[in-house]
Amino acid sequence: GSSCRILKCNSEFWLTTSNSHYHIGAEDPVEVCTAIRSYAHCTRRTARYCRGDLAYHSAVHGIDDLMIQHNCSKDGPTSQPRVRTPPPWDSQERSDSPEVCNYEKNFHRHASAQNYTHCGLFGDPHLRTFLDTFQTCKIQGAWPLIDNNYLNVQVTNTPVHPGSAATATSKITIIFKNFQECVDQKVYQAEMDELPAAFIDGSKNGGDKSGANSLKIIEKVAGQHIEIQAKYIGTTIVVRQVGRYLTFAVRMPEEVVNAVEDKENQGLYLCLQGCPQNQQIDFRTFHSQTPETGLWRRAKCKEKLPVEDLYFHSCVFDLLTTGDVNFTLAAYYAFEDVKLLHSNKDKIHLYERTTDLGPGNSAPRLGLEMAKLLVVLVCLFQCCCKVMFTV
C-alpha cells in the first residue's frame, strides 16, 4: 500500500538479530551482514512513502553505521536469518541505575528547584506550547513537535475526511537519543488504530545499559493510553488514541527544553515556537459565523468541560468542523493531561487565545489594561462635566 512501512522493517530486523546485540564475534558475521542487508533492502522498498518520517531517517543512518561496524559489503545475500527469542537484558526488573540516570536526584544536587513546562497537541489540531500559548492550527502533513539534544518528536496530521480542511494527528514518532550509560537510542511510533506498548524494537525500556530502566513504557489502557517515563531527563510523555486519532502531552524541565546545540540556527518546532502564522486559525471568528448550529455542540462539550475556557471552545470548534463526537473526548483528555502534567496549577485553564500576546495566559493582564483605560475615560468625562456646569 501507499504508506510508510518502516515499522515493519525495524521489527523484522530486531527480531532476527536480538540475541547478537551487535557484539563482533558474538554471531556469525555472514549472518549478521545478511540481516543488515535485508534491513537496508526493506527500507529502500518503502523509501518513496517515508520521506518525512523520522523513524525512517533514523533507520537509514543506523544501517550505515551497522555496515561499517560489522565490515559488511552492500552486495550479498538478503534472505532473513532465523528468528530468535527476545534478549534477556530487556527487563524492567533491574534497579541498578546510576544516579546520573535520575534527573531529579542529579539536578537537585546543584540547584534548589526546577521549573517544569508542558506542551500538548489534540483535536483539529490545537496546540498548547511550552510558553502556555494556545493555538488552533492547520499543519497538514509531518511537523516537528520537539527537537532538542535528548529527543525528537514528529507528528503527522491528515484530513479527517477526504478533501476536508479539518485535520487531526494520525501518527506520532518519538526518538530518544543515546545518552551516557543510561539509554540506547530508542524509537517509539504510534499510528491510527496502532498504539503499541513497546518501542519499535519490541523492548519496553532503554536497552542494554545499566540505566535502562530510566526510560520505560507503561500501558495505562490497552490500545488507548500509554505513558513514557524518561527519568534520566525528568520527562513524562502521554500518548492517547481517542476515536481514530492521537493526542500528545509532555511534561519536561525547562533545562531540557532549552538544551540545543545551536539555538540561533534551530529550526521551527511547534512546542516551543508555535505554529507558523500562516498555519493558524482563529476559531472565535469561525464560531461567530455559525452561532445557531453550534448550540447543541456547546451543550455536548459542556457535559465534559463545564468551564468555558479554551479547551471548551476547542471542543465546540472540533464538533463544528468534523461532526465527530470523539473530539469531545479528545479535548477532555487533553485537559485531564494538563491537570496531571502542568506544574503551575494556576495556569491549567486558559481563557484567551494567546498567539500574539506573548508567553503565559495574557487574559488577566489584558483585562487590567482595559480597566485602567475605562477609569481614565470616566475621569475625563467627569472633568468635562464639571467644566460645563461651571461655565
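Whatever comes next refers back to the structure up there.
Notes on the structure in this doc start here. (Residues numbered from 1 in each chain as written. Predicted model: local features only at pLDDT ≥ 70, side-chain atom pairs only at ≥ 80, totals over all residues. Heavy atoms only, no water.)

## Concerning the packing of aromatic side chains
Here is step 1 of the chain: Per the counting criterion, the structure on display carries 10 aromatic pairs.
Here is step 2 of the chain: Measuring from ring centre to ring centre gives 5.5 Å for Phe 134 and Tyr 311, while their planes differ by 70 degrees; the resulting arrangement is edge-to-face. Placement of Phe 134 in strand β3 (residues 134–137) and of Tyr 311 in helix α9 (residues 310–322) is noted, with a sequence separation of 177 residues between them.
Here is step 3 of the chain: Using a relative accessible area of 1% as the deciding quantity, one classes Phe 134 as buried.
Here is step 4 of the chain: Residue classification places Tyr 311 among the buried positions, given a relative accessible area of 1%.
Here is step 5 of the chain: A centroid spacing of 5.7 Å and a plane angle of 65 degrees characterise the contact between Tyr 150 and Phe 179, whose relative ring orientation is edge-to-face. Linking Tyr 150 in the loop between β4 (141–147) and β5 (151–159) with Phe 179 in the loop between β6 (167–176) and β7 (186–191), this pair joins segments that are 29 residues apart in sequence.
Here is step 6 of the chain: Overall, the relative accessible area of 22% leaves Tyr 150 in the partly exposed class. (Phe/Tyr/Trp six-rings, centres within 6.5 Å; stacked < 30°, edge-to-face > 60°. Helix = DSSP H or I, 4+ residues; strand = E, 2+ residues; numbered from the N terminus. Buried < 20%, exposed > 50% of the residue type's maximum accessible area, 1.4 Å probe, protein only.)

## Focus: the environment of Arg 244
Here is step 1 of the chain: Mapped onto the elements, Arg 244 comes out in the loop between β10 (235–242) and β11 (245–253).
Here is step 2 of the chain: Separated by 82 residues in sequence, Arg 244 and Asn 326 place their C-alpha atoms 8.4 Å apart.
Here is step 3 of the chain: Within the structure, Arg 244 has its side chain in polar contact with the side chain of Tyr 245 (distance 3.1 Å). (Polar contact = N/O pair within 3.5 Å; in protein donor to acceptor, adjacent residues only side chain to side chain.)

## Focus on empty space enclosed by the protein
Here is step 1 of the chain: With the rule as written, the count across this model stands at two cavities of 30 Å³ or more.
Here is step 2 of the chain: For the largest cavity, the calculated volume is near 70 Å³.
Here is step 3 of the chain: Around the largest cavity, the lining residues are His 118, Gly 120, Leu 121, Phe 122, Arg 128, Thr 247, Phe 248, Ala 249, Tyr 311, Ala 334, Asp 337 and Val 338.
Here is step 4 of the chain: Those elements giving two or more residues to the lining of the largest cavity turn out to be β1 (116–122), β11 and α10 (326–341).
Here is step 5 of the chain: Grouping the constituent residues of the lining of the largest cavity by class yields seven nonpolar, three polar and two charged.
Here is step 6 of the chain: Computed from the structure, the second largest cavity encloses a volume of approximately 60 Å³.
Here is step 7 of the chain: Forming the boundary of the second largest cavity are Gly 123, Val 242, Tyr 245, Leu 246, Thr 247, Asn 326, Phe 327 and Ala 330.
Here is step 8 of the chain: At the level of secondary structure, the elements contributing two or more residues to the lining of the second largest cavity comprise β11 and α10. (1 Å grid on protein atoms, 1.4 Å probe; cavity = no way out; pocket = protein on both sides within 12 Å on 5 of 7 lines; lining within 4 Å. Points joined across faces, edges and corners; volume = space filled by probe spheres on them. Nonpolar A, V, L, I, M, F, W, Y, C, P; charged D, E, K, R; others polar.)

## Focus: the pairing of β3
Here is step 1 of the chain: A two-sided burial pattern is seen for β3, the buried positions comprising Phe 134 and Thr 136 on one face and Gln 135 and Cys 137 on the other.
Here is step 2 of the chain: Linking strand β2 (residues 126–128) to β3, which pair antiparallel, is a turn of five residues; within it Asp 132 sits at a positive phi near 65 degrees.
Here is step 3 of the chain: Judged from the two bridges that link them, β3 and strand β12 (residues 280–281) form a sheet pairing that is antiparallel. Bridge pairing in β12 places Cys 137 opposite Gln 280. (Pairing = 2+ DSSP bridges.)

## Quick notes on the sheet that holds β7
Here is step 1 of the chain: Reading across the sheet, the four strands line up as β4-β5-β6-β7 and stay open at both edges, with antiparallel pairing between neighbours. Each edge of the open sheet is held by one strand with a lone partner, namely β4 and β7. In this sheet, adjacent strand axes meet at a mean angle of 20 degrees when their direction is disregarded.
Here is step 2 of the chain: Both β5 and β6 contribute to a ladder of nine bridges, which runs antiparallel. Looking across to β6, one finds that Asn 152 is bridged to Ile 175.
Here is step 3 of the chain: Running over the sheet, helix α3 (residues 54–69) touches β5, β6 and β7 and is turned about 30 degrees from β6. (Axes fitted to C-alpha atoms, helices over the stretch in contact; angles between N-to-C directions. Contact = heavy atoms within 4.5 Å.)

Just distances and angles here, no functional claims.
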